[in-house]
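Survey of secondary and tertiary structure
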Amino acid sequence: MKRLNSQLQDDGAPMELILLIRTLLAGCKEIAFRVSQGALAGVLGSTLSENVQGETQKKLDVISNQILKDILKDSGYVKAISSEEEDDVVPCNPDGKYLVSFDPLDGSSNTDINSLIGTIFSISHAPQWMKPDDPSAFLQPGTQSVAAGYVLYGPSAMLAMTTGRGTHIYTLDKTHGGFLLTKANVQVPEQTAEFAINTSNQRHWEEPIQNYVADLIAGEDGPREKDYNMRWVAAMVGDIHRVLTRGGIFLYPFDKRNPNKPGKLRLLYEANPMAFLMEQAGGLASTGTGRIMEVMPTEIHQRVPVLLGSKEEVKACLSYY
Ligand code: F6P
Ligand code: MN
């Protein structure tokens with residue numbers, strides 16, 4: 001089976017980017033190990049602190065963030081980091097060529113129930129003029145990313161990644177510690193009969209999503225004239241992996257509750273990397289009013305509405321706007 005390294009080379013990734021990706025993934029392998037130790041290592045449960053987003057931090061959030069931060073800082077390839085678990089940008093090597101944004105452990109509330117979790121990341125070039133502690137260089141649209149992906153810590157650890165030449169899926173072979181290519185050039189089916197949304201938020205949705213989801217639920221008797229099924233992993237990384245694998249639409253739409261939180265998911269290290277993967281796999285990724293990858297961020301922890309997945313289904317959803 002093909003190794004990650006040779007796929008990255010075939011996709012024309014520059015050597016320094018390949019080395020950076022391998023470094024990042026070395027951190028993810030350590031996270032995979034810690035996660036798998038679970039209760040044996042005393043890593044489950046919460047800390048007493050909250051992150052900048054006001055979410056209670058799980059012990060594994062803190063551990064995963066520290067692992068990635070340490071390994072990326074040491075590598076020399078990275079000028080600065082932005083992380084879900086860090087209030088501000090973390091300065092690294094002033095001569096580093098890349099910026100890395102990550103959610104160290106997405107869906108971490110799933111740790112306590114031994115369910116799917118993962119690391120989501122996005123890499124872009126660090127402008128030369130940029131000082132390592134300057135957040136402004138992170139405020140570029142997703143179209144500027146050079147690589148993005150996630151590692152899913154499930155029954156097997158899997159990596160989905162793109163460097164802009166298709167989305168490929170790899171499986172971690174724990175016997176020798178390498179990621180092996182198990183699905184090249186993923187193509188998300190254009191049609192689907194599966195949707196993912198947290199319907200407990202229904203009363204907070206805007207009218208287009210209210211109407212769209214009502215029509216999905218109406219099934220064969222409604223205007224869509226087919227029955228839909230619903231799935232919700234409560235970890236974006238798990239839901240997106242399902243959509244990449246067999247199609248579907250994933251929605252975390254605009255929410256009227258709090259004007260400062262127009263959506264739940266964060267642009268830099270959740271929405272953008274997943275949008276990049278989805279588009280490279282032939283799917284679509286929108287905020288409802290535009291392409292996610294074209295949103296110009298105004299702050300590193302910015303939230304956006306997310307509608308992504310199978311092309312025809314996302315188009316159908318957008319037609320309600
Ligand atoms: O990181 C935020 C997140 O945990 C996503 O991974 C997931 O899709 C979503 O929140 C789950 O939200 P809810 O709590 O509404 O199920
Ligand atoms: Mn997350």
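Residues numbered from 1 in each chain as written. Chains lettered and ligands numbered in written order. Predicted model: local features only at pLDDT ≥ 70, side-chain atom pairs only at ≥ 80, totals over all residues. Heavy atoms only, no water.

Things to note about the UniProt feature "domain: Fructose-1-6-bisphosphatase class I N-terminal" (unreviewed entry) in the chain
Inclusion rule: UniProt positions are given in the numbering used here, feature names are shortened, and annotations may be inferred rather than shown by experiment. Here a strand is any run of E in DSSP of at least two residues, a helix any run of H or I of at least four, and the numbering for each starts at the N terminus.
Following the UniProt record, the feature "domain: Fructose-1-6-bisphosphatase class I N-terminal" (unreviewed entry) maps to residues 5-183 here. From the first C-alpha to the last, residues 5-183 spans 15 Å; its make-up is 26% helix and 35% strand.

Here's the deal with the pattern of salt bridges
A side chain of one charge can pair with a side chain of the opposite charge when the charged atoms of the two come close. Applied cut-off: For salt bridges, the criterion is a side-chain nitrogen of Lys or Arg within 4 Å of an Asp or Glu carboxyl oxygen. A 1.4 Å probe rolled over the protein chains alone gives each residue an accessible area, and that area as a share of the maximum for its type sets the label: buried under 20%, exposed over 50%, partly exposed in between.
Across all of its chains, the model carries 16 salt bridges by this definition. Glu84 serves as the salt-bridge partner of Arg266, at 3.3 Å between the closest nitrogen and oxygen. Here Arg266 is found in strand β14 (residues 265-266), whereas its partner Glu84 is found in the loop between β3 (78-83) and β4 (90-91), with 182 residues between them in sequence. Residue classification places Glu84 among the buried positions, given a relative accessible area of 5%. The closest approach of N and O atoms between Glu294 and Arg291, which form a salt bridge, is 2.9 Å. Via salt bridges that share partners, Glu55, Glu84, Arg266 and Glu270 belong to a single interconnected network.

Re the sheet that holds strand β7 (residues 145-153)
Just so we agree on the cut-off: Each pair of strands is called paired provided DSSP finds at least two bridges between the two strands. Contact criterion: two residues are considered in contact whenever any of their non-hydrogen atoms come within 4.5 Å of each other. In this analysis, axes come from line fits to C-alpha atoms, helices being fitted only over the stretch in contact, and the angle between any two N-to-C directions falls in the range 0 to 180 degrees.
Strand order in this open sheet of 8 strands is β4-β3-β5-β6-β7-β8-β9-β10, and the pairing throughout is mixed. Each end of this open sheet is capped by a strand with a single partner; those strands are β4 and β10 (178-183). Of the strand pairs in this sheet, strand β9 (residues 167-173) and β10 are connected by 5 bridges, and their pairing is antiparallel. Paired with Leu172 across the two strands is Phe179, which belongs to β10. Across the sheet, helix α3 (residues 59-75) lies against β3, β4, β5 (98-106) and β6 (117-125), angled at about 160° from β5, the strand it touches most.

Thoughts on the coordination of the manganese ion (ligand 2)
So the rule is basically this: Any nitrogen, oxygen or sulfur atom within 2.8 Å of a metal ion counts as a donor, with the limit raised to 3.2 Å for Na, K and Ca, and since water is left out, coordination shells can look unfinished.
Protein coordination of the manganese ion (ligand 2) is provided by Asp103 (OD), Asp106 (OD) and Glu270 (OE), with donor distances spanning 2.0 to 2.2 Å. Here the donor residues of the manganese ion (ligand 2) are spaced in sequence according to D-x2-D-x163-E. Remark: Glu270 occurs in helix α6 (residues 267-280) and Asp106 occurs in strand β5; sequence separation between them is 164 residues. No difference in accessibility class separates Asp106 from Glu270, as the two residues are buried.

Focus: the domain arrangement of the chain
Condition: Per the annotation, domain bounds derive from an automatic or database assignment of domains. Values labelled buried area give the accessible surface lost by two parts on being combined, using a 1.4 Å probe and summing over both. Under the rule applied, a polar contact is a pair of N or O atoms within 3.5 Å (in protein, one hydrogen donor and one hydrogen acceptor; residues adjacent in sequence only if both atoms are side-chain atoms).
Splitting the chain by domain gives domain 1 (4-183) and domain 2 (194-318). Distance from the C-alpha centre of domain 1 to the C-alpha centre of domain 2: 23 Å. With both chains or domains summed, domain 1 and domain 2 bury close to 2900 Å², and 65% of this area falls on carbon and sulfur atoms. Per-residue buried area on domain 1 facing domain 2 is highest for Gln53, Leu139 and Tyr150; these three make up 20% of the total on that side. One can count 2 salt bridges joining domain 1 with domain 2. As a salt-bridge pair, Arg266 and Glu55 come within 3.5 Å of each other at their nearest N and O atoms. The tally of links between domain 1 and domain 2 comes to 12 residue pairs in polar contact (both at pLDDT 80 or more). Contributing elements (two or more residues each) for the side of domain 1 that touches domain 2: β3, β5, β6, β7, β8 (157-162) and β9. Ranked by residues supplied to the side of domain 1 that touches domain 2, first place goes to β7 with 8 residues.

Digging into the nonpolar core
Soluble globular proteins tend to bury their nonpolar side chains together. Applied cut-off: For the purposes of this section, nonpolar cores are sets of buried Ala, Val, Leu, Ile, Met, Phe, Trp, Tyr and Cys residues that join through side-chain atoms within 4.5 Å.
Counting 44 residues, the largest nonpolar core has Tyr150, Ile240, Leu244, Phe250, Met274 and Val306 as the members making the most contacts within it. Elements with a contribution of two residues or more to this core: β7, β8, α5 (236-246), β13 (249-252), α6 and β17 (306-309). The dominant element in this core, judged by the number of residues it contributes, is α6, at 9 residues. Not counting the four nearest positions on each side in its chain, Val306 is found in contact with Met236, Phe250, Leu251, Tyr252, Pro253, Leu265, Ala271, Ser286 and Ile292. In this structure, Ile21, Ala32, Val100 and Phe179 belong to the second largest nonpolar core, which totals 41 residues.

Digging into the pairing of β6
For β6, the tally of buried residues reaches 8 of 9 residues, placing the bulk of the element in the interior. Sheet topology places β6 next to β7; 8 bridges connect them, and they run antiparallel. Its bridge partner being in β7, Ile120 is matched across the sheet by Tyr150.

What about the UniProt feature "domain: Fructose-1-6-bisphosphatase class 1 C-terminal" (unreviewed entry) in the chain?
Feature annotation in UniProt assigns "domain: Fructose-1-6-bisphosphatase class 1 C-terminal" (unreviewed entry) to the following positions: residues 188-320. Secondary structure content for residues 188-320 is 34% helix and 15% strand, and the end C-alpha separation is 22 Å.

Here's the deal with the pairing of strand β1 (residues 46-50)
One face of the sheet, then the other: side chains in a regular strand alternate in exactly this way. In terms of strand pairing, β1 meets strand β2 (residues 56-58) through 2 bridges, oriented antiparallel. Paired with Ser46 across the strands is Lys58, a residue of β2. The loop that links β1 with its antiparallel partner β2 comprises 5 residues; one of these, Gly54, has a positive phi angle of about 80°.

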